[in-house]
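Letter by letter, the chains look like this.
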Amino acid sequence: MAIQKVGVVGFGAMGSGIAQACAQAGFDVTVRDVDQAALDRGFGVVDGSLARLVKAGRATEADAKAARGRIRGTTALGDLKDSDLVIEAALEIIETKREIFAELDRICPPATILASNTSSLPIVEMAAATKRPDRVAGLHFFNPVAVMQLVEIVRALTTSEETVAALREFAERLGKRGIVCKDTPGFVVNRLLVPYLLGAIRALEEGVAAPDEIDDAVKLGLRHPMGPFELLDYTGLDINLHVANVFYDEFKDPSMAAPPLLRRMVAAGHLGRKSGRGFYEYDEKGQRKR
Ligand code: CAA
């Protein structure tokens, strides 16, 4: 079945990027969030990102305008009923996701594929909340979605080969590389990334070097575009703490346990770029101050 209409649940940092990427690839997109204010914020992020792509010469004004016109906002989950594919990018709370999947299962035709953008929660638990566990999979994007070329296609124990094949084709149509992986914590990227980021925080706790020294070491010594503290601030310390907790619950491996400094920074509200302060400080536009 060819995917034409895409539904997105959640218009936050990831949902807005996903909706935009789908619209730029020519899909009609309906995005659902809880209220008009959340929808307005999401459209603001899309407008900002499209403007950046135009400024960088990566998209024409006309293409950006057409993509924006293909995204429709709604507060009613029922408006996603005509979707061929729904991508859930709501809060990383398994009960919330299970409720959303159960509701989507009720309202969408049997052929609709239901996918989650979760970065760490078990896809099979969402699949089990539906009567179509063969048509549930993970579809994990990376921030900023407009620029990042990877999508992880997560095959749960129940996911059919047909569903995996449809999602592979979908990733290709988005112009991204879709890699297929098992439904294990962190899939591929976060499984490698999280212990590395936690290791950087432990190095800081031990006084190995200051954050900017460690960041420069990684950027200049490994050619990463961002150092670990820049990346932690960029993706959000609360998100990283949540992922570390999920990993530790699952593996009981000390290298996955959240370092005390991370826990305390989140408790203090130092969440990174979005809160104005993390390992570095940011102005209201999200630009680093020092
Ligand atoms: N929308 C559109 N375009 C954007 C953008 C956005 N949100 N963010 C950056 N860009 C574009 C810029 O316009 C620029 O385009 P040109 O090169 O054509 O001029 C390009 O991206 C580079 O941006 P900048 O020059 O502003 O800055 P940069 O060179 O430092 O790149 C970055 C920014 C792309 C974010 C880069 O630093 C990077 O790749 N960082 C690593 C990001 C990463 O690792 N993401 C994965 C996080 S893990 C995750 O998401 C999964 C999870 O589960 C938590």
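Residues numbered from 1 in each chain as written. Predicted model: local features only at pLDDT ≥ 70, side-chain atom pairs only at ≥ 80, totals over all residues. Heavy atoms only, no water.

**With respect to the overall build of the chain**
Part 1 of the reasoning: Looking only at helices and strands, the chain features 11 helices and 8 strands.
Part 2 of the reasoning: Computed over its C-alpha atoms, the radius of gyration of the chain comes to 19 Å, within 12% of the 19 Å expected for a compact globule of 290 residues.
Part 3 of the reasoning: In the chain, which comprises 290 residues, the share counted as buried stands at 47%.
Part 4 of the reasoning: Positive and negative charge centroids in the chain, built from 37 and 39 side chains respectively, lie 2 Å apart. (Helix = DSSP H or I, 4+ residues; strand = E, 2+ residues; numbered from the N terminus. Rg over C-alpha atoms; globule rule 2.2 N^0.38 Å. Buried < 20%, exposed > 50% of the residue type's maximum accessible area, 1.4 Å probe, protein only. Lys, Arg positive; Asp, Glu negative; His and termini not counted. Charge placed at Lys NZ, Arg CZ, Asp CG, Glu CD.)

**Quick look at the site of the ligand**
Part 1 of the reasoning: Inspection of the region around the ligand gives 20 residues, with Ser 49, Arg 52, Arg 58, Asn 143 and Asn 190 positioned closest.
Part 2 of the reasoning: One of the side-chain N or O atoms of Arg 52 is found 2.6 Å from an oxygen atom in the ligand.
Part 3 of the reasoning: In this structure, an oxygen atom belonging to the ligand sits 3.1 Å away from a side-chain N or O atom of His 140.
Part 4 of the reasoning: Summarising the interface, the protein chains cover 68% of the accessible area of the ligand, which totals 1000 Å² for the free molecule.
Part 5 of the reasoning: Contributing elements (two or more residues each) for the shell around the ligand: α2 (36-55), α7 (189-205) and α9 (228-235).
Part 6 of the reasoning: Of the residues belonging to the shell around the ligand, the class tally is 12 nonpolar, 6 polar and 2 charged.
Part 7 of the reasoning: Here the shell around the ligand gathers at least three residues from each of two domains, domain 1 (5-182) and domain 2 (190-275). (Near = heavy atom within 4 Å. Polar contact = N/O pair within 3.5 Å; in protein donor to acceptor, adjacent residues only side chain to side chain. Areas by Shrake-Rupley, 256 points an atom, 1.4 Å probe, with all protein chains shown as cover. Nonpolar A, V, L, I, M, F, W, Y, C, P; charged D, E, K, R; others polar. Domains from an automatic or database assignment.)

**Observations regarding the state of the cysteines**
Part 1 of the reasoning: Taken as a whole and judged by the stated rule, the model has 0 disulfides.
Part 2 of the reasoning: Cys 22 forms no disulfide, and the closest cysteine sulfur to it belongs to Cys 108, at a distance of 15 Å. (Disulfide = S-S within 2.5 Å.)

**Points about the nonpolar core**
Part 1 of the reasoning: Cys 22, Val 29, Ile 71, Leu 85, Ile 87, Leu 139 and Phe 170 are the most contacted members of the largest nonpolar core, which totals 36 residues.
Part 2 of the reasoning: For Ile 71, the residues in contact, after removing those within four places along its chain, are Phe 11, Ala 19, Gln 20, Ala 23, Val 29, Val 31, Phe 43 and Val 46.
Part 3 of the reasoning: In this structure, Ile 201, Ala 203, Leu 231 and Leu 271 belong to the second largest nonpolar core, which totals 25 residues. (Core = buried A, V, L, I, M, F, W, Y, C linked by side-chain atoms within 4.5 Å. Contact = heavy atoms within 4.5 Å.)

**Structural notes on the side chain of Asp 33**
Part 1 of the reasoning: By secondary structure assignment, the location of Asp 33 is in the loop between β2 (28-32) and α2.
Part 2 of the reasoning: Arg 32 provides the closest opposite charge to the buried, salt-bridge-free Asp 33, at an N-O distance of 5.9 Å.
Part 3 of the reasoning: When neighbours within four sequence positions are excluded, Asp 33 is seen to be in contact with Gly 10, Phe 11, Gly 12, Ala 38, Leu 39, Thr 74 and Thr 75. (Salt bridge = Lys/Arg side-chain N within 4 Å of Asp/Glu carboxyl O.)

**Topic: the domain arrangement of the chain**
Part 1 of the reasoning: Its domain assignment divides the chain into domain 1 (5-182) and domain 2 (190-275).
Part 2 of the reasoning: The straight-line distance from the C-alpha centre of domain 1 to that of domain 2 is 26 Å.
Part 3 of the reasoning: With 7 residues of domain 1 at the interface, the matching set in domain 2 holds 6 residues.
Part 4 of the reasoning: Taking both partners together, domain 1 and domain 2 bury about 590 Å²; carbon and sulfur atoms supply 54% of that area.
Part 5 of the reasoning: Looking at the side of domain 1 facing domain 2, the largest losses of area belong to Ser 119, Ser 120 and Asn 143, adding up to 58% of the total buried there.
Part 6 of the reasoning: Run the count over domain 1 and domain 2 and you get 0 salt bridges.
Part 7 of the reasoning: Connecting domain 1 to domain 2 are 1 residue pair in polar contact (both at pLDDT 80 or more).
Part 8 of the reasoning: Grouping the constituent residues of the side of domain 1 that touches domain 2 by class yields 2 nonpolar, 4 polar and 1 charged. (Buried area = accessible area lost by both parts, 1.4 Å probe.)

**Considering the packing of α9 against helix α10 (residues 237-251)**
Relative placement of two packed helices is described by the angle separating their axes and the distance separating the axes.
Part 1 of the reasoning: Running from N to C, α9 and α10 cross one another at 95°; their axes reach a closest spacing of 6 Å. Taken as axis vectors, α9 and α10 run roughly perpendicular relative to one another. Taken together, the residues of α10 that come into contact with α9 (itself represented by Leu 232, Asp 233 and Thr 235) are Leu 237, Ile 239 and Asn 240.
Part 2 of the reasoning: Looking at side-chain class alone, the contact of α9 with α10 contains 3 nonpolar, 2 polar and 1 charged residues. (Axes fitted to C-alpha atoms, helices over the stretch in contact; angles between N-to-C directions. Parallel < 35°, antiparallel > 145°, perpendicular 65-115°, else oblique.)

**Topic: the packing of aromatic side chains**
Part 1 of the reasoning: Throughout the structure, instances matching the rule amount to 4 aromatic pairs.
Part 2 of the reasoning: Between Phe 11 and Phe 43 the ring centres are 5.0 Å apart and the planes differ by 90°, which places this aromatic pair in the edge-to-face class. Of this pair, Phe 11 sits in the loop between β1 (5-9) and α1 (13-24) while Phe 43 sits in helix α2; the two residues are 32 residues apart in sequence, bridging distant segments of the chain. The residues Phe 11 and Phe 43 share a single accessibility class, namely buried.
Part 3 of the reasoning: Sitting over the ring of Tyr 280, Arg 288 keeps its end group 3.5 Å from the ring centre. (Phe/Tyr/Trp six-rings, centres within 6.5 Å; stacked < 30°, edge-to-face > 60°. Lys NZ or Arg CZ within 6 Å of the ring centre and 35° of its normal.)

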